[in-house]
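Descriptive structure summary
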Amino acid sequence: MLVVEVEKKLGGFTLNAPFVSEGGCTVLFGPSGAGKTSIINMIAGLMKPDRGRIVLDDTVLFDKNAGIDLAVWRRRIGYVFQEGRLFPHLSIRHNLDYGRWMGGHPADPAAFAQAVALLDIGHLLDRRPGKLSGGERQRVAVGRALLMKPRLLLLDEPLASLDSGRKDDILPYLVRLRDEAKVPMIYVSHDPNEVRRIASRVMRVEGGQVTATGGAELVN
Amino acid sequence: MFNLTPEDWVAVRLSLRIASVATLVALPFGTAVAYLLARKNFWGKSLLDAIVHLPLVLPPVVTGYLLLITFGRRAPIGAFLADHLGIVFSFRWTGAALACGIMAFPLMVRAIRLSLEAIDRRLEDAASTLGANRFWLFTTITLPLALPGIIAGMMLAFARALGEFGATITFVSNIPGETQTISAAIYTLTQVPGGDAAALDLVIVAVIISVAALMASEFFARRAGARLHGV
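Basis of the calculations
Just so you know, the residues in each chain are numbered from 1, in the order the chain's sequence is written. As a convention, the first chain written is A and the first ligand written is 1, with the rest following in written order. It should be noted that, the model being predicted, local features are given only for residues of pLDDT at least 70 and side-chain atom pairs only at 80 or more, the latter also being counted only at that level, while totals for whole chains, interfaces and linings use all residues. The side-chain values count all of the structure's non-hydrogen atoms but skip hydrogen atoms and water molecules. Numbering of helices and strands runs from the N terminus; a helix is a DSSP stretch of H or I covering at least four residues, while a strand is a stretch of E covering at least two. Only C-alpha atoms enter the radius of gyration; for comparison, a globular chain is expected to reach 2.2 Å times N to the power 0.38, where N is the number of residues. Only protein chains enter the area calculation, which uses a 1.4 Å probe; residues under 20% of their type maximum are buried, those over 50% are exposed, and those in between are partly exposed. Two residues qualify as a contact provided that any one of their heavy atoms is within 4.5 Å of a heavy atom in the partner residue. The protein chains shown are the only cover counted for residues, whose accessible areas, like all others here, come from Shrake-Rupley with a 1.4 Å probe. A residue counts as positive if it is Lys or Arg and as negative if it is Asp or Glu; His and the chain ends are not included. All charge positions are set by atom: Lys at NZ, Arg at CZ, Asp at CG, Glu at CD. A pair of strands is labelled paired if DSSP reports no fewer than 2 bridges between them. In this analysis the probe radius is 1.4 Å and the grid spacing 1 Å, with only protein atoms considered; a cavity is a set of points the probe fits into but cannot get out of, a pocket is an open set with protein on both sides within 12 Å along at least five of seven lines, and lining residues have an atom within 4 Å of a point. Grid points are joined across faces, edges and corners, and a volume is the space filled by probe spheres set on the points. Classification used: nonpolar for Ala, Val, Leu, Ile, Met, Phe, Trp, Tyr, Cys and Pro, charged for Asp, Glu, Lys and Arg, polar for all others including Gly. Helix axes are fitted only over the stretch in contact, all axes being lines through C-alpha atoms; the angle between N-to-C directions runs from 0 to 180 degrees. An angle below 35 degrees is read as roughly parallel, one above 145 as roughly antiparallel, one from 65 to 115 as roughly perpendicular, and any other as oblique.

Some remarks on the overall build of chain A
Check the secondary structure of chain A and you find six helices and 12 strands. In summary, chain A has a C-alpha radius of gyration of 17 Å against a globular reference of 17 Å for 220 residues, a match within 12%. Projecting the C-alpha coordinates of chain A onto the three principal axes gives extents of approximately 45 × 40 × 30 Å. Relative to its 220 residues, chain A shows a buried fraction of 53%. Sequence separation of 24 or more characterises 66% of the internal contacts of chain A that already satisfy a separation of 6 or more. In the structure as shown, chain A presents an accessible area of about 9300 Å², 49% of it carried by carbon and sulfur atoms. Here chain A contributes 30 positively and 25 negatively charged side chains, and the mean placements of these two sets differ by 4 Å.

Some points on the pairing of strand β6 (residues 59-63) of chain A
Residue and element names in this part refer to chain A. The pairing of strand β5 (residues 51-56) with β6 spans four bridges and is antiparallel. Bridge pairing links Leu56 to Thr59 in β6. Count of turn residues in the β5/β6 antiparallel hairpin: two residues, of which Asp57 carries a positive phi of about 50°. The pairing of β6 with strand β7 (residues 68-69) spans two bridges and is classified as antiparallel.

A short note on empty space enclosed by the protein
Taken as a whole and assessed by the stated rule, the structure comprises one cavity of 30 Å³ or more. Counted as a void, the largest cavity has a volume near 30 Å³. Tyr79, Phe81, Ala141, Arg144 and Ala145 of chain A together with Ala126, Thr129 and Leu130 of chain B together form the lining of the largest cavity. Every element with two or more residues in the lining of the largest cavity is listed here: α4 (134-147) of chain A together with α6 (121-129) of chain B. The element contributing the most residues to the lining of the largest cavity is α4 of chain A, with three residues. Here the residues of the lining of the largest cavity are counted per class, giving six nonpolar, one polar and one charged.

Quick notes on the layout of surface pockets
Residue and element names in this part refer to chain B. Its boundaries defined by the atoms lining it, the largest pocket holds a volume of some 690 Å³. If you go around the largest pocket, you meet 25 residues; those closest to its centre are Leu67, Phe71, Leu98, Gly101 and Ile102. Going through the elements one at a time, α1 (6-39), α2 (45-57), α3 (60-71) and α5 (93-117) are the ones with two or more residues in the lining of the largest pocket. Its residues assigned to classes, the lining of the largest pocket comprises 21 nonpolar, four polar and no charged.

Considerations on the pairing of strand β1 (residues 2-9) of chain A
Residue and element names in this part refer to chain A. Sheet topology note: the β1/strand β3 (residues 19-21) ladder contains three bridges and is antiparallel. From the neighbouring strand, Val3 faces β3, where its bridge partner is Val20. In terms of strand pairing, β1 meets β5 through six bridges, oriented antiparallel. From the neighbouring strand, Glu5 faces β5, where its bridge partner is Arg53. Relative to strand β2 (residues 14-16), β1 runs antiparallel, the two being bridged by three bridges. What sits directly across from Glu7, in β2, is Asn16. In sequence, β1 turns back onto β2 through a hairpin of four residues.

Concerning unusual backbone geometry
The general pattern is negative phi for most residues beyond glycine and trans for most peptide bonds. Residue Glu157 of chain A is not a glycine yet carries a positive backbone phi of 40°. Using a relative accessible area of 9% as the deciding quantity, one classes Glu157 of chain A as buried. Its identity is not glycine, yet Phe91 of chain B carries a phi of approximately 60°, on the positive side. You can see Phe91 of chain B is positioned in the loop between α4 (76-85) and α5. Assessed through its relative accessible area of 45%, Phe91 of chain B is described here as partly exposed.

Description of the packing of helix α7 (residues 134-163) of chain B against helix α10 (residues 196-228) of chain B
Residues and elements named next belong to chain B. Viewed as axis vectors pointing N to C, α7 and α10 meet at an angle of 175°, and their least axial separation amounts to 8 Å. Judged on the interaxial angle alone, α10 and α7 are roughly antiparallel. Contact residues: Pro144, Leu145, Leu147, Pro148, Ile151, Met155, Phe158 and Leu162 in α7; Ile209, Ser210, Ala213, Leu214, Ser217, Phe220, Ala221, Ala224, Gly225 and Leu228 in α10.

Right, dumping it as structure tokens:
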């Protein structure tokens, strides 16, 4: 269970969007500039809240009053960025292995093979990111985050840079990820079609506030 | 092909050794200083920047003189190093390497700093979400991404060290077999009547070494760059 109760002063408004997520895929839905990415950056530890606390299961990630601010690399939260951010100097195989390697975990060929099959990226393993299409790159980015065995997966508009055909290719993978890998997800999007297919729960975020909470019907 | 005398060969070998040692020893320091200047904000940063660049703007003879009064046998730092660590710089090839390293330092730092500043920091954020602590972040992401700049910096430093003359001759003099580099040997030959012809062979060797160093660095930098761009 993820509990987020933080405040952060951003450019024109104060972000104050408390919420609780209990597994499945929670979508943060709303116009760009509403503070959605800032929320997940604070969960990941890439942005520091002004006050409040963030708790994931039994781990306090951030607590201003208690002076707790767990380092990004200790949080074990997977993050799929809008632009993939694959490491250009490493092969796809090494990109996928990076999180396991950094975590000091032994190789897990079964988990590797499963993620590779789920995302259909087996034919890319020996290539480098520079040669991949946008869709392939995002699938690898999802695999890389998944293979670090995260406690939570953050996805920041993972399909925004792709055309609609490519989006339809990748969305089923993400749905399978939600249903088969059972990793809790926080998914940022402003595309209603995407939200309807992936969301277990939707929170509408506008101007740094949560203006509505509900199911996928919220985006209609 | 060349009419190099045994003494000339000694100077060539010495030059290569001094330039290589100067470059390799300067590398970790140059990388550290470049990292500080590119990434950190601290009190005295512009002062550090100025000190690093000083050898670039000072007359080399002045740099050599300053080395003499700090690292000479009786100078404070020089005496300490000699008495406690057994490291002697004055009138030794190690002193020549020190002078060359310091003269080459600003060029090395500039090249590495530029490549560090060009790195997409978002890749480093991605690595830390994947569990990389600061050490692993630096060694597995930052350093490899800066590699083309590091190679360029090493090449510039090596070339600069090879051509160093003023600071070296001021600091450690011009002793054949110990501190007489190609540059100093050429200078010595040209001071003797009729020595120009003998100097020409050394000049040709100097040109060949410089061109070879340039081509090698181009080759390695291109290979490193190609790796980065996924070819």
